[in-house]
Amino acid sequence: MALGKYLIYASFILFFIILALKYFLRIKIAAYLQSKDTSVTGKVIGNKFGAVYFCCLLIPFWGIAIGNSMLNAPSMLFAMFAFSLMIGAFAYLKYKTELTIDADGITIKELIHTKKFPMSDISSVNFEYSISTYNRFLVITLRNGMQLQYAQDDYWGLSWFYEQLQEKLSKKSDSLC
């Protein structure tokens, strides 16, 4: 029983250490992600680092669940397993997402779904920045007001995609004048 309590306490401490590391290293992490982002051209792809980065907070939660199961709460393991599957599936979906661009528009491939948006449906593209993480998000705004957002910590190739889409949108607006 004492081991379960210690595992829970250690996991809480680990949780706060991970949060602190993410906070204090956020500028270095953002710089690393942006340098990797600029090395990818041709399409936007999910990155493994983003999936691991996203899932690293599961470690202390597993410690808490195992500690609680040692203290006669075995249902916590089942709940943690289900939660981990959801988080893992979400991270895998991001990792497997690809964005491509051609003369007609953009294509988004997500596992088994493919969506195509013609250039005429796209009103703008820009980067927005997160103050808390220093990471940026590629935001594609459609004419109907819907926004497609792709975070720097999950995808590489955003800079290239932004430049290509900006170029195509400016050509489109020049041809309308």
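Data block above holds the structure.
Read on for an overview of the structure. (Residues numbered from 1 in each chain as written. Predicted model: local features only at pLDDT ≥ 70, side-chain atom pairs only at ≥ 80, totals over all residues. Heavy atoms only, no water.)

Quick look at the packing of aromatic side chains
As a reminder, the rule being used: Note on aromatic pairs: the rings of Phe, Tyr and Trp (six-membered ring only in Trp) are paired at centre separations within 6.5 Å, and the planes decide the class, stacked below 30 degrees, edge-to-face beyond 60, tilted for the rest. Note on conventions: DSSP H or I runs of at least 4 residues are helices, E runs of at least 2 residues are strands, and numbering of each starts at the N terminus. Summary of the burial criterion: residues with accessible area below 20% of their type's maximum are buried, those above 50% are exposed, and those between are partly exposed, where the area comes from a 1.4 Å probe applied to protein chains only.
Taken as a whole and assessed by the stated rule, the structure comprises seven aromatic pairs. Considering the side-chain rings of F127 and Y162, the 5.0 Å spacing of their centres and the 45° angle between planes classify their relative orientation as tilted. Pair noted here: F127 is in strand β5 (residues 122-129) and Y162 is in helix α6 (residues 158-176), with a separation of 35 residues, a long-range link. Here Y162 falls in the partly exposed class, since its relative accessible area comes to 24%. Taken together, the ring pairs in this structure connect F15, F16 and F61 into an aromatic cluster.

What to know about the pairing of strand β6 (residues 136-142)
Applied cut-off: In this description, strands pair whenever DSSP reports at least two bridges between them.
The buried count for β6 comes to six of seven residues, which makes it a mostly enclosed element. Bridging between β5 and β6 involves seven bridges; their strand directions are antiparallel. From the neighbouring strand, F127 faces β6, where its bridge partner is L138. Pairing geometry for β6 and strand β7 (residues 147-151), over five bridges, is antiparallel. Directly across from T141, in β7, lies its bridge partner Q147.

Side note on the nonpolar core
For clarity, the cut-off: For our purposes a nonpolar core is just a set of buried Ala, Val, Leu, Ile, Met, Phe, Trp, Tyr and Cys residues, chained together by side-chain atoms within 4.5 Å. Only heavy atoms matter for contacts: two residues are in contact if any of them lie within 4.5 Å across the pair.
If you look at the biggest cluster of nonpolar residues, it comprises 21 residues, and the most contacted ones within it are I106, I122, L138, I140, Y150, F161 and L165. Looking at this core, the elements with two or more residues in it are β2 (98-101), β3 (105-110), β5, β6, β7 and α6. No other element matches α6, which puts five residues into this core. Aside from chain neighbours lying at most four places away, what touches L165 is I101, I106, M119, I122, V125 and I140. Counting residues in hydrophobic clusters, the runner-up holds five residues, among them I29, L33, V40 and W156.

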